[in-house]
Amino acid sequence: MSMLPLTEPPAWAPFDDEPLFVPELLLGADQMDAAVAERTSRYLRQVAVGRGGVLHVACAWNALHFGFDLALGAYHSALLDPECFHAVRPAADAARSAVPVGAFIRIERGTRWLWAEAVGKIGASRECDDDGWMPAARSGDRAGVLRPDGLWEREETVVVDAGAFGPPSAIELKETARLRRSGLLDTRGHLTSTALYQTPDLPLLEDAAFYQRYLLSEARPLLATGPLAGLIDDPHDIDLLNQALAASFDTIAELLRRSPGLRMWGPYAVTAIDKVGLPGSMVDEVAQRVHRARTGPPRYTAIWPLLCAAADAAGARDLTEGTNALVSQAVVNFAIADRATRSTAQVDLRIDDLWQQGGIWRAQQPPVPWYVDGADPLAPLGVGHHEHTGSLAATPPDPDEAPALQEPSGEPCTLPEDTSAPALLEENAPDEPVPAVEHLDDSLTVYTCCLLPRHIDDGTLPLPTSAREDLPDGPFILELHHDGDAEDPREPQEIGLTVAGLTGVAWPWSFYPGIKLTVTVPRGGRRLHVVTAPLDEPLHLDGHGPFSWDCDIGVLRRHLGLTPQEPERQPSAPRRPARTGYAPAVDSLCSLVVAGLRRHGTPGLFDARSMRGHRLSAALFGPGPVPPRLMWTVIHTCEDMAARGLLEREAGAGEPDLFIWWPDDKAPTTRKRPDALEHRVLRNHVKAHYVPPDRRRLPPGRQASDHARAAYARWRIEMLGPDADTTLPAGYTFVRGHRRGTEQPPSWHDDLIDCT
């Protein structure tokens, strides 16, 4: 489509201005300089406006990474290699490899190529009727169907923009018409086909995630020569590149959500487009047909067939052709969404599937099922498919009802080494909290407890019976990890064992009744560990406080003489799958691993601490030999934490892996959100304040120097290998990577040359 005129100067000119694809994009929107974030948001909003009013997050990423020039209304095609584009060719059965949204494609017919960008995608289920009726089972179902050749297929319609690389020439317009007549494009100019996927998980991915997979595989050369690869210290590390790519997508999506003047509809950012040429009667007709409901089962209605029929009837077929289709879909869906958010007693209307046939709306007369009642009408729940598969119960679960016990199967049952079962409670007074065993195996017991006033006064530590059974006679060593207290006694304490529990503990002055402890007891060992959990924000209770460590609030309130409060129902934490095998990882050891690294690890940059797994187990459970099973439990827990982003793991040639803990602004023993953990790990590999190597446009009549051409050739070979095309496109020069705010770096900057 042709670019719409802008009402303000472009916020960014790629290959003239310094890149907007800055290192902070990999660390989150909140890490960006306010002026850069505002400029980036303004640029993306201008791209959305110029390209018709709708911009997929994948195409927004393309605009920043590959440089969509608002003045040209296109990408700089001279800087992109069409050999790396996704090829679309005629097929006898109209089945071809799935095209990701965001992919640059070349549509081939004989010796002719037509370049385009995939800017949107909708499901094209053949079970949808012309009046929009859709079987409930298809609403929310994105799975593919297994073919005899082992691939997975699904019907899709990809919206392509043949003007993404400049206004189509007369020859290209004729070629587009031929492609429609040949059936390679459908009658509305879209790429409708049976999409083939290599594995069953790929069709289930969201558009942005599938595009990221594509960039890391088939389109890797395009990704490698863009700014993203220049912002990380090892662009050939596929795991690091994957993490950086996902982080940049998340940041750009967040900038779109925050941008004034944009409204999100699934993965699409939509400008204030009102009805953009759609007859009001046409929009109202589609909305009314979706809104109608019948008594009994809900009705599922798809937007796309209704929109096409209404546009054809109104003589406005062009509004469903090309990229106009995305704009028209957005207008109609937002019109229906406005109705859905106005609660009425006559019909419950809600979006159930954003992707299939342009959006499937669910309409039902009251009463509605419990899993729909009160839910956000604009949050697609996929209720139709879930009801079809029987995954939704007819009645809500009773939160106070314990799950029913399974009947014995008659077969012998052996527990895995780490069952991850609910905590086992030991006997205690009925009005007192009891120690809870979190993990129990042949080498280790981990339990949690809270201290009562008598425990603090008497210097005792509660000990459940299961942990007491295998303790040897004689004195024990207790190590307390009480982070956040400057007076924390870091020296190990010698304690004894009596009927009352472990005695002789000198608790810190900062301890208070109710403080929660995680206690690790090696079976047959003499070195115990106690870990407290700092709170993100100190607790205050009716003028008392602050209380800086996690605690049992009921115990603390009773100690302070405050009125007991009704305990709030806490959502149950999701259980990680039970682990099997030799010495599996143990979740409840995570806080001790972090505490051990902080105390015993080798100091590094930015207060990092590092240690190899076998040495960490010796530091925690020595002196003396550590049982192999216990050592491997510690090592496997470190490996598990590294896989989850809690630690960093470095492999050494011929040496055991090194595990690194990096500090953060929050308590290190507090479980953080996965995205925050990923950003923390990624931060250590991002080149701060760095402008990545890239090409720059030259003034008319100028040519790149021989030095620039040689530097460009070295960069291409470094990124793509010895067979790379090293010819610098005419009209451009090459700028090596350099720190932001500095001029072109001098030739002796070997470190930056190597980084590029």
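Residues numbered from 1 in each chain as written. Predicted model: local features only at pLDDT ≥ 70, side-chain atom pairs only at ≥ 80, totals over all residues. Heavy atoms only, no water.

## Looking at the sheet that holds strand β14 (residues 348–353)
At step 1: Read from one edge to the other, the open sheet built from three strands follows the order β13-β15-β14, with strand pairing classed as antiparallel. Of all strands in the sheet, those with a lone pairing partner are β13 (299–302) and β14, marking the two edges. On average, each strand axis in the sheet is tilted by 30° relative to the strand beside it, whichever way the strands run.
At step 2: Bridging between β14 and strand β15 (residues 360–364) involves five bridges; their strand directions are antiparallel. By the bridge assignment for β15, Asp348 is matched with Gln364.
At step 3: Each of β13 and β15 touches helix α8 (residues 303–313); the most contacted strand, β13, lies at about 55° to it.
At step 4: Against the sheet, helix α9 (residues 324–340) touches β14 and β15, its axis set at about 25° to β15. (Pairing = 2+ DSSP bridges. Helix = DSSP H or I, 4+ residues; strand = E, 2+ residues; numbered from the N terminus. Axes fitted to C-alpha atoms, helices over the stretch in contact; angles between N-to-C directions. Contact = heavy atoms within 4.5 Å.)

## Structural notes on the nonpolar core
Buried together is how nonpolar side chains tend to be arranged in soluble globular proteins.
At step 1: Core analysis: the largest hydrophobic core is formed by 102 residues, its most contacted members being Tyr43, Trp61, Tyr211, Leu228, Ile252 and Trp361.
At step 2: Not counting chain neighbours up to four residues away, the residues in contact with Tyr211 comprise Ala58, Trp61, Asn62, Phe66, Pro100, Val101, Gly102, Ala103 and Phe249. (Core = buried A, V, L, I, M, F, W, Y, C linked by side-chain atoms within 4.5 Å. Buried < 20%, exposed > 50% of the residue type's maximum accessible area, 1.4 Å probe, protein only.)

## Let's talk about the sheet that holds strand β11 (residues 262–265)
At step 1: Pairing is antiparallel in the open sheet, where three strands are placed in the order β1-β12-β11. Two strands lie at the open edges of the sheet, namely β1 (54–56) and β11, each paired on one side alone. Sheet twist, expressed as the mean angle between neighbouring strand axes with direction ignored, is 25°.
At step 2: With three bridges connecting them, β1 and strand β12 (residues 268–271) associate as antiparallel partners. Considered in β12, the bridge of Val54 is made with Val270.

## Comments concerning the packing of aromatic side chains
At step 1: A full pass over the atoms with the stated rule returns 24 aromatic pairs.
At step 2: Taking the centre distance of 5.6 Å and the plane angle of 70° together, the rings of Phe85 and Trp115 count as edge-to-face. Of this pair, Phe85 sits in the loop between β3 (74–75) and β4 (86–88) while Trp115 sits in strand β7 (residues 112–123), and the two are 30 residues apart along the sequence.
At step 3: Its relative accessible area of 3% is what places Phe85 among the buried residues.
At step 4: Seen in terms of ring centroids, Tyr197 and Phe210 are 5.3 Å apart; in terms of plane orientation they differ by 50°. Their pairing is tilted. (Phe/Tyr/Trp six-rings, centres within 6.5 Å; stacked < 30°, edge-to-face > 60°.)

## Structural notes on the pattern of salt bridges
At step 1: In this structure the tally under the stated criterion is 35 salt bridges.
At step 2: Salt-bridge contacts for Glu108 lead to Arg106; the nearest nitrogen and oxygen are separated by 2.6 Å. Like Glu108, the residue Arg106 is buried in the burial classification.
At step 3: Glu175 is paired through a salt bridge with Arg178; the nearest N and O atoms lie 3.6 Å apart. Residue Glu175 and its partner Arg178 are both found in helix α3 (residues 170–182); the two are separated by three residues, about one turn of the helix. (Salt bridge = Lys/Arg side-chain N within 4 Å of Asp/Glu carboxyl O.)

## What about the packing of α8 against α9?
At step 1: In the contact formed by α8 and α9, the axes pass within 11 Å of each other and the chain directions differ by 110°. As the angle between them shows, α8 and α9 are arranged roughly perpendicular. The segment α8 lies against α9, with Ile303, Trp304 and Leu307 engaging Ala325, Ser328, Gln329, Val332, Asn333 and Ile336. (Parallel < 35°, antiparallel > 145°, perpendicular 65-115°, else oblique.)

## Observations concerning the side chain of Thr194
At step 1: Within the secondary structure, Thr194 sits in strand β10 (residues 191–197).
At step 2: Only 2.8 Å separates the side chain of Thr194 from the side chain of Glu155, close enough to count as a polar contact. (Polar contact = N/O pair within 3.5 Å; in protein donor to acceptor, adjacent residues only side chain to side chain.)

## A closer look at helix α13 (residues 553–560)
At step 1: Looking at α13, one finds that the buried residues are Val555, Leu556 and Arg557.
At step 2: Elements that come into contact with the buried residues of α13 comprise β18 (444–450), β25 (534–541) and β26 (544–549).
At step 3: Regarding α13, its N-cap is Asp552, as a side-chain oxygen of that residue lies 3.0 Å from the backbone nitrogen of Gly554 further along.
At step 4: Two residues or fewer past α13, Gly561 is found with a positive phi of approximately 75°.

## Brief notes about the pairing of β13
At step 1: Where burial is concerned, the two faces of β13 agree: the one with Arg299 and Thr301 and the one with Tyr300 and Ala302 are both buried.
At step 2: Strand direction decides the pairing type here: β13 and β15, joined by four bridges, are antiparallel. Residue pairing in the sheet places Ala302 in a bridge with Ile360 of β15.

## Topic: the confidence of the model for the chain
At step 1: For the chain, the mean per-residue pLDDT works out to 80, and 82% of the residues sit at or above 70.
At step 2: Considering only residues more than four positions removed or in separate chains, one finds that residues 401–428, a stretch of pLDDT under 50, has 43 contacts.
At step 3: Low pLDDT (under 50) marks residues 741–756, which in the prediction has 23 contacts with non-local residues, meaning those over four places away or in another chain. (pLDDT = per-residue confidence, 0-100.)

## Some points on the environment of Ala48
At step 1: Mapping Ala48 onto the fold places it in helix α1 (residues 34–50).
At step 2: Here Ala48 falls in the buried class, since its relative accessible area comes to 0%.
At step 3: For the pair Ala48 and Cys59, spaced 11 residues apart in sequence, the C-alpha separation works out to 9.5 Å.
At step 4: Excluding its chain neighbours within four sequence positions, the residues that come into contact with Ala48 are Gly53, Val54, Leu55, Leu262 and Thr271.

## Re unusual backbone geometry
At step 1: Here the amide bond leading from Pro366 into Pro367 is cis, since omega sits at 0°, within 30 degrees of zero.
At step 2: Within the element layout of this structure, Pro367 appears in the loop between β15 and α10 (383–389).
At step 3: Here the amide bond leading from Gly545 into Pro546 is cis, since omega sits at 5°, within 30 degrees of zero.
At step 4: Secondary-structure assignment places Pro546 in strand β26.
At step 5: Notably, Phe15 is not glycine yet its phi reads approximately 70°, a positive angle.
At step 6: Relative to the helices and strands, Phe15 is located in the segment before α1.
At step 7: A positive phi angle, near 50°, is found at Asp542, a position not held by glycine.

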